Amino acid sequence: MRRQQKIREQKKWEGRCFLLIIAALSLLKLWLVQGLVIHPLPSAMCDDVLLRDWATSIAGGEWMGPFSCYTFAKEVGFSIYLAITYRLQLPYILTTNLLYMAGALALLYAVSHVMKKKWALCLIYAAILFHPIMTSLDTGQRVYRNGFAVALTLWVFGSLLNLYFEIGKPLYQSLPWAVLAAGSLGALWNTKSDTVWLLPFSVVVLLVAAALVLKKQKGWKTALPRLALLALPLLGIIFVSKFIAIMNAGAYGAPHIAYYKPAMSILMNTETEGRTANISLPAKAFQELCAYSPTLATAQKEIEAQLKAYDQYDRQKGDGEVEDGWIGWALIEGIAEAGYYGSCQEANAFYQNVYEELQAAVEAGQIKIRPQSFLETFHLSTAEKGKELFSAIGQIWGYVASHCDLESQVKAIPREKNELGGCRIFEVVTHDKACYGGDFDYCCSLGWILFSEYDLGELQVFVEDAQGNRLQKVRFQESEDIGRLYPDIKGSDRCRFFVKWDSQSADEDIPYWLAAYADGRQVAKARMDELGMHELEEKSGLGAIDLFISPYRHQKAYEDAQKSVKRCNIPVFGYRAFGYPLALAGVAAYVAFTVLSVMEWRRKEYGEVNAWLVITGIRLSLLLLFAGIAVTHLQKCPAITSMYLSASYPLFTLAALLSIFKCAEGISKAARQAVRNKNRRPGK
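About the criteria used
- Residues numbered from 1 in each chain as written.
- Predicted model: local features only at pLDDT ≥ 70, side-chain atom pairs only at ≥ 80, totals over all residues.
- Heavy atoms only, no water.
- Helix = DSSP H or I, 4+ residues; strand = E, 2+ residues; numbered from the N terminus.
- Areas by Shrake-Rupley, 256 points an atom, 1.4 Å probe, with all protein chains shown as cover.
- Lys, Arg positive; Asp, Glu negative; His and termini not counted.
- Charge placed at Lys NZ, Arg CZ, Asp CG, Glu CD.
- Buried < 20%, exposed > 50% of the residue type's maximum accessible area, 1.4 Å probe, protein only.
- Salt bridge = Lys/Arg side-chain N within 4 Å of Asp/Glu carboxyl O.
- Pairing = 2+ DSSP bridges.
- Phe/Tyr/Trp six-rings, centres within 6.5 Å; stacked < 30°, edge-to-face > 60°.
- Core = buried A, V, L, I, M, F, W, Y, C linked by side-chain atoms within 4.5 Å.
- Contact = heavy atoms within 4.5 Å.
- Patch = residues over 30% accessible without salt bridge, like charges linked within 9 Å, V, L, I, M, F, W, Y side chains within 5 Å.
- Axes fitted to C-alpha atoms, helices over the stretch in contact; angles between N-to-C directions.

(A) Representation of the overall build of the protein chain within the structure. Scanning the protein chain for helices and strands turns up 23 helices and eight strands. Dimensions of the protein chain, computed from C-alpha atoms along their principal axes, come out at roughly 115 × 80 × 50 Å. Surface summary for the protein chain: the accessible area is close to 33300 Å², and the carbon and sulfur share equals 58%. Placing the 71 positive and 65 negative side-chain charges of the protein chain at their respective mean positions leaves the two points 19 Å apart.

(B) Geometry of the environment of R2. Inspection of the secondary structure assignment puts R2 in helix α1 (residues 2-33). The class for R2 is exposed, based on a relative accessible area of 77%. Between the C-alpha atoms of R2 and Q635, which are 633 residues apart in sequence, the distance is 68 Å.

(C) How the structure looks around the pattern of salt bridges. Counted under the stated rule, the structure contains 17 salt bridges. Across the pair K169 and E166 runs a salt bridge whose closest N-O atoms are separated by 3.7 Å. A relative accessible area of 32% places K169 in the partly exposed class. For E427, the salt bridge goes to R424, with nearest N and O atoms at 3.3 Å. Remark: R424 and E427 occur in helix α19 (residues 417-430); sequence separation between them is three residues, near one turn of the helix.

(D) Summary view of the pairing of strand β1 (residues 442-451). For β1, a buried count of ten out of ten residues is recorded, marking the element as mostly surrounded by other parts of the structure. Going residue by residue along β1, you find Y442, C444, L446, W448 and L450 tucked away on one face and C443, S445, G447, I449 and F451 tucked away on the opposite face as well. Both β1 and strand β5 (residues 496-502) contribute to a ladder of seven bridges, which runs antiparallel. Bridge pairing links G447 to F497 in β5.

(E) Representation of the packing of aromatic side chains in the model. All told, the structure shown has 30 aromatic pairs when counted by the stated rule. Taking the centre distance of 5.9 Å and the plane angle of 90 degrees together, the rings of F72 and Y252 count as edge-to-face. Of this pair, F72 sits in the loop between α2 (48-59) and α3 (77-87) while Y252 sits in helix α10 (residues 220-252), and the two are 180 residues apart along the sequence. A relative accessible area of 26% places F72 in the partly exposed class. Residues W501 and F548 carry aromatic rings whose centres are separated by 6.1 Å and whose planes lie at 25 degrees to one another, so their mutual orientation is stacked. One end of the pair, W501, is in strand β5; the other, F548, is in strand β8 (residues 541-549), and 47 residues separate them in sequence. When sorted by exposure, W501 lands in the same class as F548, which is buried. One aromatic cluster in this structure is built from F67, F72, Y252, Y260, Y340, Y341, F350 and Y351.

(F) The arrangement of the nonpolar core in detail. If you look at the biggest cluster of nonpolar residues, it comprises 165 residues, and the most contacted ones within it are I124, L230, L296, Y341, Y351, F626 and L645. It is helix α7 (residues 145-166) that contributes the most residues to this core, 14 residues altogether. If we ignore the near neighbours within four places in the chain, the residues touching L230 are L163, I167, L206, A209, A210 and V213. Of all hydrophobic cores here, the second largest spans 30 residues; its members include F451, I489, V523 and I545.

(G) Here's a closer look at a nonpolar patch on the surface. The grouping of V587, V591, V595 and M599 at the surface amounts to a nonpolar patch, some 320 Å² of accessible area in total. Topologically, V587 is positioned in helix α21 (residues 551-602).

(H) Inspection of helix α11 (residues 260-268) at higher detail. Those residues of α11 lying buried are A263, M264, I266, L267 and M268. The inward-facing, buried residues of α11 abut α12 (283-292), α13 (294-297), α15 (324-337) and α16 (344-363).

(I) Summary view of unusual backbone geometry. Backbone geometry at Q89 places phi at a positive 60 degrees, although glycine is not the residue there. Mapped onto the elements of the fold, Q89 is located in the loop between α3 and α4 (92-111). We classify Q89 as exposed; its relative accessible area is 61%. We note that D405 has phi near 65 degrees; this positive angle belongs to a residue other than glycine. With respect to the element layout, D405 can be found in the loop between α18 (383-402) and α19. The class of D405 is partly exposed, set by a relative accessible area of 44%.

(J) Structural view of the sheet that holds strand β3 (residues 470-473). Spatial strand order, β3-β2-β6-β7: four strands in an open sheet with antiparallel pairing. Pairing within the sheet leaves two strands with one partner each, and these edge strands are β3 and β7 (521-527). In this sheet, adjacent strand axes meet at a mean angle of 30 degrees when their direction is disregarded. In terms of strand pairing, strand β6 (residues 513-518) meets β7 through six bridges, oriented antiparallel. Bridging from a neighbouring strand, Y517 pairs with Q522 of β7.

(K) Just the pairing of β3, in detail. Strand direction decides the pairing type here: strand β2 (residues 460-464) and β3, joined by three bridges, are antiparallel. Paired with V463 across the strands is Q472, a residue of β3. Hairpin geometry of β2 and β3 is characterised by an intervening segment of five residues between the two adjacent antiparallel strands and by a positive phi of about 85 degrees at G468.

Written as structure tokens, this is what we have:
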């Protein structure tokens, strides 16, 4: 009796220690990312800026904003998430890391069903939690969808596995996991277009769980509620996609451009000279197609201008051709320049005419469509291509295992007006700080201002110091948005400014004013760091300073950012040093664990079957992702980067650690069994 009580007390103590370690690791991670700066890219008009602008429109109740050629170009899931964090005034980096942390805990709980040792669970959680993918420049610091997708991936795997392990328990225990799996899978499906790599894992897990339900439950009446729960995760994709389609239809009159894909399919699959593995529409082929499609010919000039511009982005710059990774952008931007994207219906009519005209040419035998088999689609049509594919998969495996390109950085930002203003918008939307890199030896300010009783167009405005010394004259630019807000205030249609002046001191935070003069007499004055959205008063200004940088403020922000970056880069050295050996050991351990498991199954012992299925499922999912990235890399554009592979990193580490731990358990178990068998021999 005492022994049992002692064992129970020991388990309670171990449980408390486990929770304390998990809590301590979580708090340490939150401290680690504190002060990490965002890496805004105001020049990424089709990526970061596009999703940011959608987020601001969604937050303002305008869905994705006015219709344009980019409206259906990417998934909107990340923008919805960013709009929510913006409206709730949550800092983007911290919130995304909290979401990732919660996903890691959900996955850890799932792993605890096959790994009982608390110390091993602590190591697994630490390895996932501190992975530098969530703080690296291109994933954790960028205001883009990849960091959010990593967190959602953990939620998908964790929720599905927990649903599998707990489907036999009371419905109230398994229902939350079904809902979380549906939400995370639906959100991820509408965040990144490559989420298809998760479908095989999801379907297999749910089918195996359904088979177990049918085996254990007596009759359909008891099995049906649980089978409905197992269907919910896949229905989540349909529900979220349908919601977005309804929102699109309400905002633009249609859920998508119906004839876009049929028209593009003909354009990109025409049999023609000059076609290569990653150039599906050579410039000469495009010119020939314009001869068969009068509608396409009306946009030929604009499209060719875009093709020339995009030629500078691909791997063979200046060759006059555009690779598949960029050809789609060049086409839609050229068509938009030709004026066919005024509305969804207008764009659809254009693509419908192009499709019908080219299809007629196909049926008349004037154009030949290049047949593309399954093997060609996946770069397996010849032995040589097969070797290239497997070589690329091996390169990806080594790239992920090496953990290169995962550092946090304070990236320098160009100091032009548009770049600085764009960075400031990212700061506002994310509630996080950016750092402008390098040394600032001058002051600059970006914003707008109006004065209550004066026409801004008739005033001279200067930047002044505390002594009234004029440091720089302010020149105003067009401001249609402010003009619409304040139509009754003179000069509101031209009140935005960007001004630079020499710093008075780099060692202290000196105040500066905007002073307005009429006929040589000062008539109004507003202090820059107090200028905000307040009521107009005599001799005060209405306005906003969108950005103000001085050497003193910049230096302090730069030093703080560097401290945070150094903290976040501490784990990078460990992952880089042990990542490759861990990956190799994980593969060897998986092979050994598989052999041990097969030996057990032959003895009709199935205690480790779930562990083997979990590890195998993760590894096969990663293989699918790596194969998809390899095909993209070989046939479209360079894709072997941490950004495209971001979701694989924590799962890659998890698979290696689980393989090693379960292999060690299997070897230990086999050794103990051998000792027991030896002791049972006659004469012993």
